[in-house]
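# Residue-level structural notes
This is what each chain is made of:
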Amino acid sequence: MNITLKVWRQKGPNSLGAMETHKMTEVSGDMSFLEMMDVLNDRLVREGKEPFAFDHDCREGICGTCSMFINGEAHGPGRNVTTCQLHMRSFKDGETIHVEPWRSAAFPVIKDLTVDRSSFDRIIQAGGYVSVNTSGDTQDANSIPIPKHDADEAFDSATCIGCGACVATCKNSSAMLFVSAKVSQLSLLPQGKTESSERVLRMVDQMDIEGFGNCTNTGACEVECPKGISLTNIARMNREFLSSTLTSK
Amino acid sequence: MLDSKIPEGPLAEKWSKHKDNIRLVNPANKRHIDIIVVGTGLAGASAAASLAEMGYNVKSLCFQDSPRRAHSIAAQGGINASKNYQNDGDSVYRLFYDTVKGGDYRSREANVHRLAEVSGSIIDQCVAQGVPFAREYGGLLDNRSFGGVQVSRTFYAKGQTGQQLLLGAYSALSRQISKGKVEMLNRHEMMDVVKIDGKARGIIARNLITGEIERHSAHAVVLCTGGYGNAFYLSTNAMGSNASAVWRAHKKGSFFANPCFTQIHPTCIPVSGHYQSKLTLMSESLRNDGRIWVPKSKSDVEAIRNGSKKAIDLKEDERDYYLERRYPAFGNLVPRDVASRAAKERCDAGYGVNKTGQAVYLDFASAFERYGKTEVLTQGIENPTHEQIINLGREVVKSKYGNLFDMYKQITDDNPYETPMMIYPAVHYTMGGLWVDYNLMTTVPGLFAAGEANFSDHGANRLGASALMQGLADGYFVLPYTIGDYLADDIRTGKIPTNSPEFDEAEKQVKDEISALINNNGDTPVDDFHRRLGLIMWNKCGMARNEKHLKEAIVEIQELRKEFYAKVRVSGSADDFNPELEKATRLADFLELGEAMCLDALTRSESCGGHFRDESQTEDGEALRDDENFTFVSAWEYTGAPSEAKLHKEPLVYDNIELKQRSYK
Ligand SMILES: Cc1cc2nc3c(=O)[nH]c(=O)nc-3n(C[C@H](O)[C@H](O)[C@H](O)COP(=O)(O)OP(=O)(O)OC[C@H]3O[C@@H](n4cnc5c(N)ncnc54)[C@H](O)[C@@H]3O)c2cc1C
Ligand code: SF4
Ligand code: FES
C-alpha cells in the first residue's frame, strides 16, 4: 500500500507545532501502526533528520502508553483497539492519515506525539486505593466470598489501562470515564467499600485541580475507549458522589 | 568468597528463624535512612510501597511515563500460590518441589522454599487491596493449571493477571506517594550506580524529558528493573525493557549469575515480516484447553502451505498431537522448555504449518466440544445440535480467554474460534540475573536486586505463573525484612552527600558516553544494530546451542559492537526528550551482555532446563544434565571486558530433594 502521512511535529512544550507530510510506500497490511511509524523513523534517521517522538511500550494493548490521535479519533479507527494494536489493514491504499497527539490542557505536549499524563497518577494518589498495609497479615483470601457477578463487574472496571483516550476524545476534556472506572472497581468490592465516600470526593477534587473539564454526557469516551469501559461507571460514580456530598457536607 | 548466607537449620524453618534473628532498624531511625528503588513493576512497586510503609524514605524511578506501565502489566495467565483451595493435594512442599524440578535442579533449595512459604500471603494481600481475581459461582477464588505441575494452584484475572496485580501494587505505591513517603520519579532512567568505600550509595539518573543528568544518593539501592530478553531484539517483552541497570551494576562489581538461562516460551504469535518490532505471547493458560499439533504427513503440510487445504480439513488420525504422543503424563502441559524444543523439532523436521515453516497449531476444537457438552447438561438443553454444542463451548472459552483470542485476531486477521491458532516459540523471560545472597543483596554491599532482575528462584527454567509470585514475594515479604539487616549499620551515617568525587566521576562518565553517542558521525539507526544482535543471539544462543555456534557468536558480537560505535547515528540532542538516545544507551549494554550470555552458554557444556546444548542430550533428544560437573550457579565477575569475565561457582546443595533426570513422560 501507499500511504500519505501527516504527522504532528512539535519541538517542545512551549514551541508551536505543525503537521509534516511524509509519503510511505510498500506498507504491508500486517504491519501494526507503530511498526509503520518505526519504518518512517528509520528512514528519517538515515536521511539525517529527526524521527518523531511517540510513546509506546508493551505493543500489546495493555500498558496504556501508546496514544495517537489518528484521523480525528483517539487510537484511530476500529473499536476496542489501542494504537499499538491497530494494523495497517484498517486503511486503504492511497489514503492520507493524520496523526496527532492527545490534546487536553491536563495533558501538555512534551514533544511531537508525546504528552504528559502524570495528572492521572495524581488522581489515583488522591484516593484510588484501599488503605491496607502490605504486611501480608490480612485475613485469608477466601474468608470474604464475593459474588462472581460483583467480582466480574469490578474486574471489567479494573481493566482501564489509563491511556487517556477518553479525555482526548471528549470535547470538554473530561476524565470522568477514567476516574469512574477506578471508583467503581473499588466500591463494587467489600474491601474498598468502607472508604468509598471519601475516595470519590478526593478523586473528583483532584480531577478538578488538574484542569480536566466537566462531563456533559456526550458518551464519546465510551465509544473510543479501547477497553470497553462503559458509561455505567460514570452513572455509578455520580450516585456515589452525590450521596457522599450529601453525607459529608 | 561467594557467601549465599543461607541460614542454618531445617529447610522449613530457615526463613522464620532468619526473620527472627536478623537485625532490625527501629522506626525512629528508619526516618533517617534513604532507599532508592529502581523499577515499579511488581517487585519494585511492592518493595517501594512496603519500605515506605515501614518508615524509610524512598525514591522510586521508572522510565515509563507512569509507574503503572511497568512491564509486569503485560503478564497474562496467572500467579501461583500453594493455597490448596482446590483440595487437590497442594502444599508448600509441593510448590517448592515443582519449582526446583521445573528449574531442572539449578536453583537454591532455601530460596525456593521461602518463595513457596510466602506465596499464600501474596494472594491474601492482593485480595485485601481489591485485586479482582476470578471467582467461582460460590464466590470463592477460582484456579487454573499451568505447565509442569499436576495441581490447580494458579490464581488469575482473565488474561490480565499482571495488569490487576500491578495496579494493586501501584495503588499501594500511590498511597505512599500521597503520604510523602515515596518520591516518584517518572520518565527517569538510571544510568549508573555510585559506589563509595565499596558500598552502593546512590545512582546517576537521566531525566528523560529534559535530558538532565541527576545525582541521587541513598543508603541502599534496590534494582527491580526486570529481565533482559530484549537482548534477542524480538521477544515478548515490552519495547523499553532493558538490561542497563543490571549491566551497569555488574560493571560496578555485582556478579552476574547464569546469564545464559533464557526462557523461550512455546506459544507466541509467529514472526510476520522484517519490520516486526516485537512478538506477542499467547498465554500458557491456553494449554489448559488447547491441543498442539502438526500434520502427520508432509503432503498435508505442503497442501496447507500452498493453501489447498486448511487445518480443519485434516481428520483426527491425520494429525500428530506430538506433545501428547511424546509426554503422555503431562501432555500439552509439559514445562515451557520441553514444549518449545518439541515445536522446534517438528518444524526443523519440515512439519511447520505456515509459509516460513515456523509455526504449529494450537487447537481449541476439543475444548469447544467438551465445554459445550457440559453447558448443554447444566442448562438442560435437550437434543442439542452439534453446532449448538460448539457455540456454547465457544462462549465458555471466550469467558476464560476472550482478550487473548481478540488479540490474536487483531494481529493475524484470523479468527481463532473458527480455525486453530498458529504459534511458535519466542524469547520470553530470563532466569539469569544479578547474583544475590539469601538477603537479595548482590556482591556490592548495599546494592540489592529483586524480581526478574535477580537470578534467585527459577533455576534453568521458570514454571508458568511463578514470576509474578516471585516479584511480589521479593517486594512485599522478603526484601523489606532482609534489607534491615544491612541498614542497621547505617543508622548513624546521616545523609549521603552528592558532591563527592565518586559522584563527580560517575556523572562525568555518563555524560561523556552520551555525548560520544550523540556526536558520532555515523549513518545507521540504532535498531538496525539491535536487529542484527537479535539474529545472532536467536540463531546461535537460542533454543539449541553448541560450541561451534557459540564461539562464532562471541566473535560476531564483538565485531558488531565495534561497528555500532563506528557507524551508529543517534539523532536529536542530549538535552531533550530523545527516544533514539534511550535506545542507543540500552543497546550499548545489550551488546556486551549478549556476549556474556554466549560465554556462559559455552562454559556450561551440559543441557539443563531452557539451556540446551546439542552436545548433551539423551537418545530421544531430551536435555541431559551433568550433575557431577555442573551443579552450581555460574556467577561472573566483570574484569574489564565481557570476554574476560571471571567465573565463580556457587555450589548447589540438595539436602531435601533427590536430583533426578526430569521426566514428563
Ligand atoms: C507477555 C508476558 C506475559 C507474562 N505472563 C506471566 C504470567 O502469566 N505469570 C507470571 O508469573 N509471569 C508472567 N510473565 C513474566 C512476568 O511478567 C515478569 O517476569 C515480571 O512481571 C517482572 O516483574 P519485575 O517487577 O521484575 O520487572 P518489570 O515489571 O519488568 O519492571 C521493570 C521496571 O524497571 C524499570 N526500569 C528498568 N530499567 C530501568 C532503568 N535503567 N532506570 C529506571 N527504571 C528502569 C521499568 O520502568 C519498570 O518499572 C510474563 C511476561 C511477559 C513478557
Ligand atoms: S477509561 Fe478507557 S479510554 Fe479512558 S483511560 Fe481508561 S482505558 Fe483509556
Ligand atoms: S504500547 Fe502498550 S497499550 Fe499500546
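Keep in mind it's a predicted model, so treat the numbers as computed, not measured.

Quick notes on the rules
Residues numbered from 1 in each chain as written. Chains lettered and ligands numbered in written order. Predicted model: local features only at pLDDT ≥ 70, side-chain atom pairs only at ≥ 80, totals over all residues. Heavy atoms only, no water. Contact = heavy atoms within 4.5 Å. Buried area = accessible area lost by both parts, 1.4 Å probe. Salt bridge = Lys/Arg side-chain N within 4 Å of Asp/Glu carboxyl O. Polar contact = N/O pair within 3.5 Å; in protein donor to acceptor, adjacent residues only side chain to side chain. Nonpolar A, V, L, I, M, F, W, Y, C, P; charged D, E, K, R; others polar. Pairing = 2+ DSSP bridges. Helix = DSSP H or I, 4+ residues; strand = E, 2+ residues; numbered from the N terminus. Axes fitted to C-alpha atoms, helices over the stretch in contact; angles between N-to-C directions. Domains from an automatic or database assignment. Near = heavy atom within 4 Å. Buried < 20%, exposed > 50% of the residue type's maximum accessible area, 1.4 Å probe, protein only. Areas by Shrake-Rupley, 256 points an atom, 1.4 Å probe, with all protein chains shown as cover. Expected span 1.5 Å × (residues − 1).

### Description of the interface of chain A and chain B
- The partner chain B presents 79 residues to the 74 residues of chain A that form the contact.
- When the area that chain A buries against chain B is broken down by residue, the three leading residues are E60(A), T134(A) and F155(A), summing to 12%.
- Summed over the shared surface of chain A and chain B, the result is eight salt bridges.
- In this structure, the salt-bridge partner of D65(B) is R117(A), at a minimum N-O distance of 3.1 Å.
- The tally of links between chain A and chain B comes to 44 residue pairs in polar contact (both at pLDDT 80 or more).
- For the side of chain A that touches chain B, the class distribution of residues is 31 nonpolar, 23 polar and 20 charged.

### Comments concerning the sheet that holds strand β4 (residues 73-74) of chain A
All names here are of chain A.
- The sheet built from five strands is open, its strands ordered β2-β1-β5-β3-β4 with mixed pairing. For this open sheet the edge positions go to β2 (18-24) and β4, each flanked by a neighbour on one side alone.
- Two elements, strand β1 (residues 3-9) and strand β5 (residues 96-100), share four bridges in a ladder whose sense is parallel. Paired with T4 across the strands is T96, a residue of β5.

### What about the sheet that holds strand β16 (residues 433-434) of chain B?
Residues and elements named next belong to chain B.
- Ordered by their spatial adjacency, four strands build an open sheet running β16-β10-β18-β19, and the pairing between neighbours is antiparallel. Whereas interior strands pair on both sides, the edge strands pair on one side only; in this sheet they are β16 and β19 (646-651).
- Strand direction decides the pairing type here: strand β10 (residues 256-257) and strand β18 (residues 632-637), joined by two bridges, are antiparallel. Within β18, the position partnered with A257 by the bridge is A635.
- Helix α17 (residues 579-603) rests against β10, β18 and β19 of the sheet, and its axis sits at about 140° to β18.

### A word on the domain arrangement of chain A
Residue and element names in this part refer to chain A.
- Taken domain by domain, chain A holds domain 1 (3-110) and domain 2 (118-247).
- Between the C-alpha centres of domain 1 and domain 2 the distance comes to 29 Å.
- Listed as interface residues are 18 residues of domain 1 and, on the opposing side, 20 residues of domain 2.
- Both faces combined, the contact of domain 1 with domain 2 buries some 1400 Å², and carbon together with sulfur accounts for 54% of it.
- It is N80, A106 and F107 in domain 1 that bury the most area against domain 2; as a group they hold 31% of the surface buried on that side.
- Counting every contact that joins domain 1 to domain 2 gives one salt bridge.
- As a salt-bridge pair, R79 and E224 come within 3.7 Å of each other at their nearest N and O atoms.
- Seen at the junction of domain 1 and domain 2, the total is three residue pairs in polar contact (both at pLDDT 80 or more).
- A per-class count over the side of domain 1 that touches domain 2 returns eight nonpolar, seven polar and three charged.

### Things to note about the site of ligand 2
All names here are of chain A.
- In the vicinity of ligand 2 lie 13 residues, with C160, C163, G164, C166 and C225 positioned nearest.
- Mapped by element, the contributors of at least two residues to the shell around ligand 2 are α4 (165-169) and α5 (176-188).
- Its residues assigned to classes, the shell around ligand 2 comprises 11 nonpolar, two polar and no charged.

### With respect to the pairing of strand β15 (residues 421-430) of chain B
Residues and elements named next belong to chain B.
- Of all 10 residues making up β15, nine are buried, and the element is well covered by its neighbours.
- In this sheet, β15 lies alongside strand β11 (residues 262-268) in antiparallel orientation, the contact comprising five bridges. Looking at the pairing, Q263 lines up with Y429 of β15.

### Description of the pattern of salt bridges
- Evaluation of the coordinates by the stated rule reveals 83 salt bridges over all chains.
- Between D42(A) and R46(A) there is a salt bridge, with its nearest N and O atoms 2.8 Å apart. Here D42(A) and its partner R46(A) are both found in helix α1 (residues 33-46), four residues apart, which amounts to about one turn of the helix.
- Linking R291(B) and E316(B) is a salt bridge whose minimum nitrogen-to-oxygen distance equals 3.8 Å. Pair noted here: R291(B) is in strand β12 (residues 291-295) and E316(B) is in the loop between α8 (298-305) and β13 (319-320), with a separation of 25 residues, a long-range link.
- Of the residues examined, R291(B) reaches a relative accessible area of 21% and is grouped as partly exposed.
- Through salt bridges with shared partners, a single ionic network connects D104(B), R106(B), D337(B), R341(B), R604(B), E606(B), R625(B), D627(B) and R662(B).

### Some thoughts on the site of ligand 1
Residues and elements named next belong to chain B.
- Near ligand 1, the surroundings consist of 38 residues, among which Q64, S72, G77, M190 and E452 are the closest.
- Taking S466, its main chain carries an N or O atom lying 3.2 Å from an oxygen atom of ligand 1.
- At 2.8 Å from an oxygen atom of ligand 1 is found a main-chain nitrogen or oxygen belonging to L468.
- Expressed as a share of its isolated accessible area of 1000 Å², the protein-covered part of ligand 1 is 98%.
- Those elements that provide at least two residues to the shell around ligand 1 are α3 (42-54), β6 (188-196), β15 and α13 (467-487).
- Ranked by residues supplied to the shell around ligand 1, first place goes to β6 with three residues.
- Classifying every residue of the shell around ligand 1 by side-chain character gives 17 nonpolar, 18 polar and three charged.

### Quick notes on the domain arrangement of chain B
Residue and element names in this part refer to chain B.
- Under the domain assignment, chain B is made up of domain 1 (268-427) and domain 2 (501-631).
- The gap between the C-alpha centroids of domain 1 and domain 2 is 33 Å.
- Contacts between domain 1 and domain 2 engage 13 residues on the former and 10 residues on the latter.
- Where domain 1 abuts domain 2, roughly 830 Å² becomes buried across the two surfaces, and 55% of that area is made up of carbon and sulfur atoms.
- Considering only the side of domain 1, the residues that lose the most area to domain 2 are D337, R341 and K344, jointly responsible for 49% of the buried surface there.
- Inspection of the region where domain 1 meets domain 2 yields one salt bridge.
- Residues R326 and E622 are paired through a salt bridge, measuring 3.2 Å at the closest nitrogen-oxygen approach.
- Taken together, the connections running from domain 1 to domain 2 amount to three residue pairs in polar contact (both at pLDDT 80 or more).
- Those elements that place two or more of their residues in the side of domain 1 that touches domain 2 are α10 (336-348) and β15.
- Residues belonging to the side of domain 1 that touches domain 2 are distributed by class as follows: six nonpolar, three polar and four charged.

### Notes on α3(B)
Residue and element names in this part refer to chain B.
- Taking 1.5 Å of rise per residue, 13 residues should cover 18 Å, and α3 covers 18 Å from first to last C-alpha, within 8% of that figure.
- Where burial is concerned, most of α3 is hidden: 11 out of the 13 residues are buried.
- Of all the positions in α3, only L42, A43, G44, A45, S46, A47, A48, A49, S50, L51 and A52 are classed as buried.
- Of the residues trailing α3, G55 is marked for its positive phi of about 120°.

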